[in-house]
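Chains, contacts and geometry: an overview
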Amino acid sequence: MINQTLKVFVTVVDKKSFTLAAESLHMTQPAVSKYIRKLEEEFGVTLIDRSGKMVRLNPAGEIYYHYAKEMIGIDERMQHLIQDLQNESRGPVHIGASYTYGEYILPKIIAQLIGKYPRIKPEVSISNSSSIIRMVNSHDLDIGIIEDEERETDKNLNITRLIRDRMYIIGNCDMPDSLDDKALGAATWIVREDGSGTRSYQDQLFTSLGISPKTITLSSTQAVKSSVTNGLGLTLLSHHTIGEELKTGSLKIINRESTELSRYFHLLTPDVKFHSKSTRTLVDMFNEDSIETHHFKS
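Below, the structure is looked at part by part. (Residues numbered from 1 in each chain as written. Predicted model: local features only at pLDDT ≥ 70, side-chain atom pairs only at ≥ 80, totals over all residues. Heavy atoms only, no water.)

What about the packing of aromatic side chains?
All told, the structure shown has 5 aromatic pairs when counted by the stated rule. Each ring, one from Phe43 and one from Tyr64, has its centre 5.5 Å from the other, and the planes form 80°; the classification is edge-to-face. Remark: Tyr64 occurs in helix H4 (residues 59–84) and Phe43 occurs in helix H3 (residues 29–43); sequence separation between them is 21 residues. You can call Phe43 partly exposed: its relative accessible area is 47%. For Tyr64, a relative accessible area of 15% gives the class buried. (Phe/Tyr/Trp six-rings, centres within 6.5 Å; stacked < 30°, edge-to-face > 60°. Helix = DSSP H or I, 4+ residues; strand = E, 2+ residues; numbered from the N terminus. Buried < 20%, exposed > 50% of the residue type's maximum accessible area, 1.4 Å probe, protein only.)

Structural notes on helix H9 (residues 197–209)
For H9, spanning 13 residues, the distance from its first C-alpha to its last is 19 Å, which sits close to the expected 18 Å at 1.5 Å a residue. Backbone nitrogen of Thr198 and a side-chain oxygen of the N-cap are separated by 3.1 Å at the start of H9; the cap is Ser196. Looking one or two places after H9, you find Gly210, whose phi comes out positive at around 70°. (Expected span 1.5 Å × (residues − 1). Polar contact = N/O pair within 3.5 Å; in protein donor to acceptor, adjacent residues only side chain to side chain.)

Brief notes about unusual backbone geometry
In the Ramachandran plot, Lys16 falls in the positive-phi region, its phi being about 60° despite a non-glycine side chain. Relative to the assigned elements, Lys16 resides in the loop between helix H1 (4–15) and helix H2 (18–25). The phi dihedral of His26 is positive, around 60°, even though this residue is not glycine. Of note, His26 is situated in the loop between H2 and H3.

Digging into the environment of Lys38
Inspection of the secondary structure puts Lys38 in helix H3. Along the chain, Lys38 and Thr5 lie 33 residues apart, while their C-alpha atoms are 9.1 Å from each other.

A short note on the pattern of salt bridges
Taken as a whole, this structure holds 10 salt bridges when the rule is applied. The salt bridge involving Asp194 is made with Arg199; its shortest N-O contact spans 3.6 Å. Looking at Arg199, the relative accessible area reads 16%, which means it is buried. The partner of Glu245 in a salt bridge is Lys225, and the shortest N-O contact between them spans 2.9 Å. Of the two residues, Glu245 is situated in helix H11 (residues 243–248) and Lys225 in helix H10 (residues 221–229); the sequence distance between them amounts to 20 residues. Residue Glu245 shares its accessibility class with Lys225, and that shared class is buried. Connected through shared salt-bridge partners, Glu147, Asp165 and Arg263 make up one network. (Salt bridge = Lys/Arg side-chain N within 4 Å of Asp/Glu carboxyl O.)

A word on the packing of H2 against H3
Relative orientation and spacing of two packed helices are given, respectively, by the angle between their axes and the distance between those axes. H3 packs onto H2 with a crossing angle of 105° between their chain directions and a minimal axis gap of 8 Å. Overall, the two elements H2 and H3 adopt an arrangement that is roughly perpendicular. Across from Phe18, Thr19 and Ala22 in H2, the residues of H3 making contact are Gln29, Val32, Ser33 and Ile36. Looking at side-chain class alone, the contact of H2 with H3 contains 4 nonpolar, 3 polar and no charged residues. (Axes fitted to C-alpha atoms, helices over the stretch in contact; angles between N-to-C directions. Parallel < 35°, antiparallel > 145°, perpendicular 65-115°, else oblique. Contact = heavy atoms within 4.5 Å. Nonpolar A, V, L, I, M, F, W, Y, C, P; charged D, E, K, R; others polar.)

Here we look at the pairing of strand S6 (residues 157–172)
Taken together, the 9 bridges between S6 and strand S11 (residues 261–270) define a ladder with antiparallel strand orientation. Considered in S11, the bridge of Ile159 is made with Leu268. One ladder, built from 4 bridges, connects S6 with strand S9 (residues 235–238); its direction is antiparallel. Paired with Met167 across the strands is Ser238, a residue of S9. With 4 bridges joining them, S6 and strand S10 (residues 251–254) adopt antiparallel strand pairing. Each residue of the ladder has a partner; that of Asn172, found in S10, is Leu251. (Pairing = 2+ DSSP bridges.)

Don't take any of this as a statement about function, it's just geometry.
Written out as structure tokens, the structure reads:
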């Protein structure tokens, strides 16, 4: 079992307050303060700056906090894995997905998972691809799903190719069905932020067309779609994200026959020896439709 001092220190930092940490840990504030004071005496250095009202870490405290969090996470995973040996698939599984997959594809898979394994408790984070990769590498996520990004394959990850995705130039209902390169270059484009898988393909499209258009950057697919619907410009989006808008006619595909980019979604798992049963169960569900699996190690 993990040292209580680690838990107290991390809780104080996470809550940014000795009082709130004491409430969370069901302890008195003097008891919490005693743990921190004894810890600092053992190291012979202060770890927390007490000059202000908020808890602030000094450089030594930052180091201790980083490794304390890691040790607590390892202890929790160890206990979960040992309990797994005796139980059915159950408990939390931390999933991270990029916006396109997380908002438009993953909900159906989560519904199937819960329907078949009601004791599994999925916890989902939606972010851009770069953030998902960082969280899988730091073991904050059990599973991550991102778009196809070759620059990330030097990480210590197991990577499984999932379903293929098709991306198209999208405009609103008032746009013509076809635009030449000059018109595409003169248009304003609504793009995602740096670090987004969709953004990398938008940039690839500009390069292939030989254009450097004016752009407006937004940090969500829904915001991009709303902007295009309201006539602010063009965009490049996955066909998974525009099904309803194509049905209602608020958005349309431009240059359907001549412009289509393909990519794949990829499933990421940390390069660890053991995964929880709930994680393995979900990975198996994804693998039923996967194309191929790679192991990348730096």
